[in-house]
Amino acid sequence: MNDIICAISTPPGMGAIAVIRLSGKGSIAVADTLFVSPSGKRLADAKANSVLFGEIRFNNEVTDEVLVTVFHAPRSFTGEESVEISCHGSVYIQQKIIEALIARGVRLAKPGEFTRRAFGNGKFDLSQAEAVADLIASSSQASHRVAMNQMRGGFASKLAELRDKLLQFVSLVELELDFAEEDVEFANRQKLYELTEEIEREIDKLARSFQLGNAIKNGIPVAIIGETNAGKSTLLNLLLNEEKAIVSDIHGTTRDVIEDTVNINGVTFRFIDTAGIRHTTDTIETLGIERTYQKIAQASIVLWMIDLTTPTEEINTLAQSIIPKLVDKHVLLLLNKSDLLSESEREEKQHLLPELKAERLFISAKKRQNTDQLQQLLLKAADIPQIGEHDVVVTNLRHYEALMNALEAVRRVKEGLDTGITSDFISQDIRECMFYLGEITGQISTDEILGNIFSKFCIGK
Ligand SMILES: Nc1nc2c(c(=O)[nH]1)N(C=O)[C@@H](CNc1ccc(C(=O)N[C@@H](CCC(=O)O)C(=O)O)cc1)CN2
Ligand SMILES: Nc1nc2c(ncn2[C@@H]2O[C@H](COP(=O)(O)OP(=O)(O)OP(=O)(O)O)[C@@H](O)[C@H]2O)c(=O)[nH]1
Ligand SMILES: [K+]
Ligand SMILES: [Mg+2]
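The structure displayed is predicted, hence computed values, not measured ones. (Residues numbered from 1 in each chain as written. Chains lettered and ligands numbered in written order. Predicted model: local features only at pLDDT ≥ 70, side-chain atom pairs only at ≥ 80, totals over all residues. Heavy atoms only, no water.)

Colleague: What is the right way to look at the coordination of the magnesium ion (ligand 4) in this model?
Modeller: Six octahedral donors around a metal ideally subtend angles of 90 or 180 degrees, whereas four tetrahedral donors ideally subtend 109.5 degrees. Around the magnesium ion (ligand 4), the protein contributes the donor atoms Ser-233 (OG) and Thr-254 (OG1), at 2.0 to 2.1 Å from the metal centre. Separation of the magnesium ion (ligand 4) from the potassium ion (ligand 3) amounts to 4.9 Å. Pair noted here: Ser-233 is in helix H8 (residues 232-240) and Thr-254 is in the loop between H8 and strand S9 (258-264), with a separation of 21 residues, a long-range link. In this pair, the class of Ser-233 matches that of Thr-254, namely buried. (Donors = N, O, S within 2.8 Å, 3.2 Å for Na, K, Ca; no water. Helix = DSSP H or I, 4+ residues; strand = E, 2+ residues; numbered from the N terminus. Buried < 20%, exposed > 50% of the residue type's maximum accessible area, 1.4 Å probe, protein only.)

Colleague: I tried to follow unusual backbone geometry on my own but got confused; where do I start?
Modeller: A negative phi angle is the norm for most residues apart from glycine, just as the trans form is the norm for most peptide bonds. Backbone torsion omega between Ala-73 and Pro-74 reads 0°, so that peptide bond is classified as cis. Along the chain, Pro-74 falls in the loop between strand S5 (61-71) and strand S6 (82-88). For Asn-60, which is not glycine, the phi torsion reads 60° and is therefore positive. Mapped onto the elements, Asn-60 comes out in the loop between strand S4 (50-58) and S5.

Colleague: Whenever I open this one, the coordination of the potassium ion (ligand 3) confuses me. Can you help?
Modeller: All of the protein donors around the potassium ion (ligand 3) are Asn-229 (OD1), Ser-248 (O), Ile-250 (O) and Thr-253 (OG1); their distances to the metal are 2.4 to 2.9 Å. Mapped onto the sequence, the donors of the potassium ion (ligand 3) take the spacing N-x18-S-x1-I-x2-T. For Ile-250, a relative accessible area of 55% corresponds to the exposed category.

Colleague: Which parts of the structure should I look at to understand the site of ligand 2?
Modeller: Ligand 2 sits among 23 residues. The nearest are Lys-232, Thr-234, Thr-253, Thr-254 and Asp-339. The side chain of Ser-364 places a nitrogen or oxygen atom 3.0 Å from an oxygen atom of ligand 2. One nitrogen or oxygen atom from the main chain of Ala-365 is found 3.0 Å from an oxygen atom belonging to ligand 2. For ligand 2, whose free accessible area comes to 650 Å², the fraction covered by protein is 92%. Its residues placed into classes, the shell around ligand 2 shows five nonpolar, 13 polar and five charged. (Near = heavy atom within 4 Å. Polar contact = N/O pair within 3.5 Å; in protein donor to acceptor, adjacent residues only side chain to side chain. Areas by Shrake-Rupley, 256 points an atom, 1.4 Å probe, with all protein chains shown as cover. Nonpolar A, V, L, I, M, F, W, Y, C, P; charged D, E, K, R; others polar.)

Colleague: Would you mind showing me how to read the environment of Lys-165 here?
Modeller: Turning to its location among the elements, Lys-165 is positioned in helix H6 (residues 154-178). For the pair Lys-165 and Leu-195, spaced 30 residues apart in the sequence, the C-alpha separation amounts to 8.0 Å. In this structure, Lys-165 is in contact with Leu-195, Glu-198, Ile-199 and Glu-202, ignoring residues within four places of it in sequence. (Contact = heavy atoms within 4.5 Å.)

Colleague: Looking at this model, I keep getting lost on the UniProt feature "binding site: K(+)" (unreviewed entry) in the protein. Mind explaining?
Modeller: The positions that UniProt labels "binding site: K(+)" (unreviewed entry) are, in the present scheme, Asn-229, Ser-248, Ile-250 and Thr-253. Despite a sequence span of 25 residues, these residues sit close together in the fold, their greatest C-alpha distance being 8.0 Å. One can find Ser-248 in the loop between H8 and S9. By relative accessible area, Ser-248 is classed as partly exposed at 31%. If we ignore the near neighbours within four places in the chain, the residues touching Ser-248 are Asn-229 and Thr-253. Here the side chain of Ser-248 touches Ile-250 through a polar contact of 3.0 Å, landing on its backbone nitrogen. Of note, Ile-250 is situated in the loop between H8 and S9. (UniProt positions renumbered as here; feature names shortened; annotations may be inferred.)

Shown next as structure tokens:
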């Protein structure tokens, strides 16, 4: 049986009110030993989900005046008997109450332990528990909406639906196995094939949504690249509104990747400043430039910066090593330091790199010129679709990996039906597909996986 755990669920040392949570059988009796109500009410007699006003007394001292909420199993967040004490936000008061609870044999909760218990008691599935953490971390409307939908079971019910279909499917196939001698076919192969295709389409759609989900959760990756001294770090600082990267007139100042996110009109971008590309014999700088190429590969948008004072031939030479890396990327060519050019010089540079299909914008990162236009172009390039309340968008790498495994398994089922392999192999592949979907919901889980997931939660959650 679970012991009683406690934690301060509100941020340390902040706010007027703090909430201390207790969960586990016996929580109410423990809290009652500290609680004195002016009208003599006891927590033990309180109705389920009710709030009582009173004092906390410990070591012959009135520690605080509080509100106490009483939950009876299974009608609580964790599904266990629980108590919440809302006290004043003083660090001293919170410490004293925790101390009093520990003196009565309650122990401190580990990170995410309340949520883990709720999961263990079937309050929600694993994908919903993970959504709680995403919800807490959400910083834009899109990430909030995706997490909220997942927490309320959008993804969970989609997966349950798929699992039901697979279960139906596998039962038919396994029924054939029982009658193997008679060589019967309960499952119409054509129908099975259509069902497999439908399941494959649905899993594939979920897996594909991960690119969007990842962009929503972690920001759309935007790599800022170009020759040394093009002004990449100056631009990064401008976009982030913070002196995050070192700027200097020394070529090769940035050697490692520097990145951070910023919200522009409700869309989260992850800007990635990189080491300037040039020929160098410096080992560390060379490693940095290798990373630049990796970041280009991971980005969906590339801001290619050019220093307009660099001779055109030099730009053309550099372009030969950059252009091949930009396939499938949304590229914006930023013609920087335009403050140093006259109108006619700009006219001349307008058509740099004619072979590159990219939007171009004259800017001055240093003088902050044309940055509004740059933001507009970024928003256009981001092209985040409107997410409806019921759209399922996968945001979690663990879920994505499980979906990819499920996809592989369902494709083997399809192949098997195509080539007419025996039912036992087909059933094995269907079961495998179900296994991977079950990993997402937590029907299939190990202590290690659960520990890993819940340890990333805050204490008190
Ligand atoms: N003070 C406080 N605020 C909080 C939480 C909490 O645990 N405590 N939450 C924690 O995340 C969130 C609210 N989520 C909750 C979800 C379910 C139950 C609960 O007691 N459910 C019962 C009873 C429902 C009912 O009355 O019908 C149940 O599901 O059986 C409580 C909080 C956000 N705010
Ligand atoms: N006149 C002018 N100078 C600029 C502009 N943008 C950047 N600079 C200057 O150019 C120099 C290089 O800027 P950085 O931002 O360090 O360039 P970088 O591309 O990050 O350089 P590396 O990290 O070395 O690759 C600095 O002296 C900046 O002040 C601009 O728009 N106009
Ligand atoms: K520099
Ligand atoms: Mg730099």
